[in-house]
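So you can see what is in the structure, the chains are spelled out below.
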Amino acid sequence: WENADIRDVVAAFSAYSGRTIILSKGVEATKISATITDQPWDVALRVVLNANGLDAVEDPSGILIVDTQAHILAQRAAEPLVTRSLRLNYVKAVNLKPEIQARLTRDCSQQQGANGQQQVAPVPVAGAEGQPPVVTNLNCPARGAVTADSTTNTLSVTDIAGNIEPLVEYAKQLDIRQPQVNIKAKIILVDRTSLEALGLQYDIGTANQYFNQLVTRTDSTGT
C-alpha cells in the first residue's frame, strides 16, 4: 500500500482472511504505506495497525474491531473481572502459578514515558491458533490475580473476560503427564512342607548344621 486509506486496507484483509473486520468510531482516515511479504494475514494486520497507533480486538462473536490503542487500553482498564477455577491432574498448582501470573492482563493506561507522554502497549490480534496469551508490558501492574490451592491442586484465575479463556487453555497445555518408571514387585512366601511335597528340600548351612541335599557345598572343614 502507498498512502492507502485505512478503510481500503481493512477491506483487503477482510476479503483475504474471510473474517469480518470493522472500524471503530474513533479511528480516523489514516493513510497507510506498507509493503509486507510472505507473512500470515493476522501478523501482517497487527504490524500495520500497530505502526499507525491502532490495534484490533476480537469480540465474543468473532468479529475483529479496529480501534486506537489508547481506547482499547481504556476499555480494558474498565472491563469487569471474572474468575475461573481449574483443577490440575499432573502438574502442581503452586509450580504453575508463576507462569499464569506472567500472562495476566496489564493495566498500562497510566504508564508515562520519559517524554511525559502516555505509552501504549500493543494488544494481540486474535487468530493465531495454539499460541499462549501475549503479554503487553510486564512493567504495568496486573489487573487480575492467580491463587493456588495445594489441597485440591486447583488454580483460581481472575482476569478480564476476554483473557480468561486463553489463560485457562494455556494452563491445560502445561498440565501434561510427566514420564514415569513403573516398578512391580512380587513377594512369594513358601514353607518347607510345601516344597517337600514338590520334591525339594532345603535348610540353612552353618558351621554346626548342614542339611542341604539339593545343592551340596564344602563346609568350613573342607568336607
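Above this text you will find the structure in question.
Along every chain, residues carry numbers that run from 1 in the direction the sequence is written. Per-residue local features of the predicted model are confined to residues with pLDDT of at least 70, and side-chain atom pairs are confined, for both listing and counting, to 80 or more; whole-chain, interface and lining totals are unaffected and use all residues. Each side-chain value is derived from all of the structure's non-hydrogen atoms; neither hydrogens nor water enter the calculation.

Visitor: Residue-level account of the side chain of Asp-159, with values.
Guide: Mapped onto the elements of the fold, Asp-159 is located in strand E8 (residues 154–160). Put simply, Asp-159 is tucked away with no salt bridge, and the nearest opposite charge, on Arg-143, sits 6.4 Å away. Polar contact is defined as a pair of N or O atoms within 3.5 Å, subject to the rule that within protein one atom must be able to donate a hydrogen and the other to accept it, and that residues adjacent in sequence are counted only when both atoms are side-chain atoms. Within the local environment of Asp-159, its side chain forms a polar contact with the side chain of Thr-105, the two groups lying 2.9 Å apart. Within the structure, the side chain of Asp-159 is placed 2.9 Å from the side chain of Asn-163, a separation counted as a polar contact. Contact definition: two residues touch when any of their heavy atoms are within 4.5 Å. Not counting the four nearest positions on each side in its chain, Asp-159 is found in contact with Leu-81, Val-82, Arg-103, Leu-104, Thr-105, Gly-144, Ile-164 and Leu-167. Elements are defined by DSSP. Helices are runs of H or I of four residues or more, strands are runs of E of two residues or more, and each kind is numbered from the N terminus. Exposed residues in this analysis have more than 50% of their type's maximum accessible area, buried residues have under 20%, and partly exposed residues fall in between, with area computed by a 1.4 Å probe over protein chains only. Charge convention: Lys and Arg are scored as positive, Asp and Glu as negative, and His as well as the terminal groups of each chain are ignored. We count a salt bridge whenever a side-chain nitrogen from Lys or Arg sits within 4 Å of a carboxyl oxygen from Asp or Glu.

Visitor: Before we move on, could you go through the sheet that holds strand E6 (residues 81–87) and cite the residues and values that matter?
Guide: Between any two strands, at least two bridges found by DSSP are needed for them to pair. One open sheet accounts for three strands, arranged E6-E8-E7; its pairing is antiparallel. Bordering the open sheet on either side are E6 and strand E7 (145–149), each of which pairs with just one other strand. Across the sheet, the mean angle from the axis of one strand to that of its neighbour is 15 degrees, orientation sign disregarded. The sheet contact formed by E6 and E8 spans seven bridges and is antiparallel. When the bridges of E8 are listed, Leu-86 appears paired with Leu-155. Note on definitions: angles span 0 to 180 degrees between N-to-C directions of axes, and those axes are lines fitted to C-alpha atoms, for helices only across the stretch in contact. Each of E7 and E8 is contacted by helix H4 (residues 93–101), which is oriented at about 175 degrees to E7, the strand it contacts most. Strands in contact with helix H5 (residues 161–174) are E6 and E8; relative to E8, the strand with the most contacts, it is inclined by about 150 degrees.

Visitor: Before we move on, could you go through the side chain of Thr-158 and cite the residues and values that matter?
Guide: Looking at where Thr-158 falls in the secondary structure, it is placed in strand E8. A polar atom in the side chain of Thr-158 sits 2.9 Å from the side chain of Thr-83. Beyond its immediate stretch of four places on either side in the chain, Thr-158 contacts Leu-81, Val-82, Thr-83, Leu-104, Gly-144, Ala-145 and Ile-164.

Visitor: Lay out the sheet that holds strand E5 (residues 64–68) in plain terms, naming residues and giving numbers.
Guide: With mixed pairing, the three strands of this open sheet are ordered in space as E2-E5-E4. Each edge of the sheet is formed by a strand with only one pairing partner; in this case those strands are strand E2 (21–23) and strand E4 (54–58). Strand after strand, the sheet turns through a mean of 30 degrees between neighbouring axes, direction not considered. Both E4 and E5 contribute to a ladder of five bridges, which runs antiparallel. If you follow Ala-56 over to E5, its bridge partner there is Val-66. Sitting on the sheet, helix H1 (residues 6–17) is in contact with E2, E4 and E5, with an inclination near 165 degrees to E2. Along the sheet, helix H2 (residues 41–51) makes contact with E2, E4 and E5, crossing E4 at roughly 135 degrees.

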